[in-house]
Amino acid sequence: VAAAAFMAGAAWVIHAVFTATNSTAAIGLLFVPVYGGVAAALACAAAYVFFTVADWRAGCLSGGWPRLLLAAAIVVAGTGWGGAYWLYRDAMGIASDPAASPQALIEVSKRRVPLWSEDVVEALAKNPATPPNLLTAIVKAGAGHYLVSLVGANPNAPLSLLEDIAAGPLGYERVAGLAGNPRITPAIAERLGGVKRADFRSDIE
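To start, this report covers the structure provided alongside it. Quick caveat: nothing in here was measured; it's all calculated off a predicted structure.

This next bit is on the overall build of the protein chain. What the protein chain contains, in helices and strands, is 10 helices and 0 strands. Put simply, the protein chain runs from its N terminus to its C terminus through helices and strands in the order α-α-α-α-α-α-α-α-α-α. Against the compact-globule benchmark of 17 Å for 205 residues, the protein chain has a radius of gyration of 24 Å, which places it well outside the compact range. For the C-alpha atoms alone, the extent of the protein chain along its principal axes is close to 80 × 35 × 30 Å. In the protein chain, which comprises 205 residues, the proportion classed as buried is 33%. Here the analysis covers contacts within the protein chain between residues at least 6 apart in sequence; of these, 56% occur between residues at least 24 apart. Of the accessible surface of the protein chain, which amounts to about 12,500 Å², a share of 65% is contributed by carbon and sulfur atoms.

Another point: the side chain of Thr-52. Considering the arrangement of structural elements, one finds Thr-52 in helix H2 (residues 32-58). A relative accessible area of 0% places Thr-52 in the buried class.

With that settled, consider the nonpolar core. By size, the foremost hydrophobic cluster in this structure holds 34 residues, and its most contacted members are Val-120, Leu-124, Val-151, Leu-178 and Leu-192. Listed by contribution, the elements that provide at least two residues to this core are helix H3 (65-95), helix H4 (102-109), helix H5 (117-126), helix H6 (132-140), helix H7 (145-153), helix H8 (159-167), helix H9 (172-179) and helix H10 (186-193).

What follows deals with H8. Listed as buried for H8 are Leu-161, Leu-162, Ile-165 and Ala-166. Within H8, the buried residues cover an arc of 135° as seen down the axis, which keeps them to one side.

Any two packed helices are characterised by the angle at which their axes cross and by the distance between the axes. As a packed pair, H3 and H4 sit with axes 9 Å apart at the nearest point and diverge in direction by 145°. As for the relative orientation of H3 and H4, their crossing is left-handed in sense. Residue-level contacts link Ala-91, Ile-94 and Ala-95 of H3 to Ala-104, Leu-105 and Val-108 of H4. Within the contact of H3 with H4, the residues separate by chemical class into 6 nonpolar, no polar and no charged.

Time to look at a nonpolar patch on the surface. On the surface, a nonpolar cluster with roughly 870 Å² of combined accessible area is contributed by Trp-12, Ile-27, Leu-30, Phe-31, Val-34, Tyr-35, Val-38 and Leu-42. Examining the composition of the nonpolar patch, we find that 4 residues originate from one element, H2, more than from any other. Tracing the sequence through the fold places Val-38 in helix H2.

Inspection of H4 places Leu-105, Ile-106 and Val-108 among the buried residues, and these make up the whole buried set. Viewed end-on, H4 has its buried residues packed into an arc of 165°, placing them on one side of the element. Elements that come into contact with the buried residues of H4 comprise H3, H5 and H6.

What follows deals with the packing of aromatic side chains. Within a pair of aromatic rings, the relevant descriptors are the distance that separates the centres and the angle that separates the planes. Scanning all chains against the criterion turns up 7 aromatic pairs. Centre to centre, the rings of Phe-50 and Phe-51 are 5.3 Å apart; their planes meet at 75°, and the pair counts as edge-to-face. Overall, the relative accessible area of 49% leaves Phe-51 in the partly exposed class. One aromatic cluster is present, built from ring pairs that chain together Trp-81, Tyr-85, Tyr-88 and Trp-116. Over the face of the ring belonging to Tyr-48 we find Arg-67, whose NZ or CZ atom lies 5.8 Å from the ring centre.

Analysis parameters
- Residues numbered from 1 in each chain as written.
- Predicted model: local features only at pLDDT ≥ 70, side-chain atom pairs only at ≥ 80, totals over all residues.
- Heavy atoms only, no water.
- Helix = DSSP H or I, 4+ residues; strand = E, 2+ residues; numbered from the N terminus.
- Rg over C-alpha atoms; globule rule 2.2 N^0.38 Å.
- Buried < 20%, exposed > 50% of the residue type's maximum accessible area, 1.4 Å probe, protein only.
- Contact = heavy atoms within 4.5 Å.
- Areas by Shrake-Rupley, 256 points an atom, 1.4 Å probe, with all protein chains shown as cover.
- Core = buried A, V, L, I, M, F, W, Y, C linked by side-chain atoms within 4.5 Å.
- Arc of directions from axis to C-beta.
- Axes fitted to C-alpha atoms, helices over the stretch in contact; angles between N-to-C directions.
- Left-handed = near helix turned anticlockwise from the far one by under 90°.
- Nonpolar A, V, L, I, M, F, W, Y, C, P; charged D, E, K, R; others polar.
- Patch = residues over 30% accessible without salt bridge, like charges linked within 9 Å, V, L, I, M, F, W, Y side chains within 5 Å.
- Salt bridge = Lys/Arg side-chain N within 4 Å of Asp/Glu carboxyl O.
- Phe/Tyr/Trp six-rings, centres within 6.5 Å; stacked < 30°, edge-to-face > 60°.
- Lys NZ or Arg CZ within 6 Å of the ring centre and 35° of its normal.

Here it is in structure tokens:
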């Protein structure tokens, strides 16, 4: 079961890599052992639960209640993880949808997402449908430089927020997004034009 699941997980990663259009997709091959290992572990847990329940129903459960309790714990943990992942996927579907209504985006920003909640915030920062007040709230909440850069590139960001971002440090992580935003003013563009090589970790594009 573990071997079959590992091969299935590896095949999924390889298929994703070779069907991707991203030039850096080949890096995904490094994750074959990771996803294969996770798939193998999940398959082993599922097989353990299956055989434990089968033995229990047949009246020949070896190991008694400890084994049954372990199987129940695996089911509970798997169900909890699956539910958390479903909440994440549902929130991401709304947060990254450019056709979503402003109200829906505001509501999803208030949800408690147990897994990878930072991905949801990043999707909201990128989404051109995200309302200006929510973009402002993301930055004002103490967002990291990467999030600030995403908001700075968002065409829906209010001008006052763009000016605030430009008034701060000119490091790449903060202002790279601003440089590509067609709504920046000449004053903002002039400040960005004053960036020095010391401000950037990489080439000044």
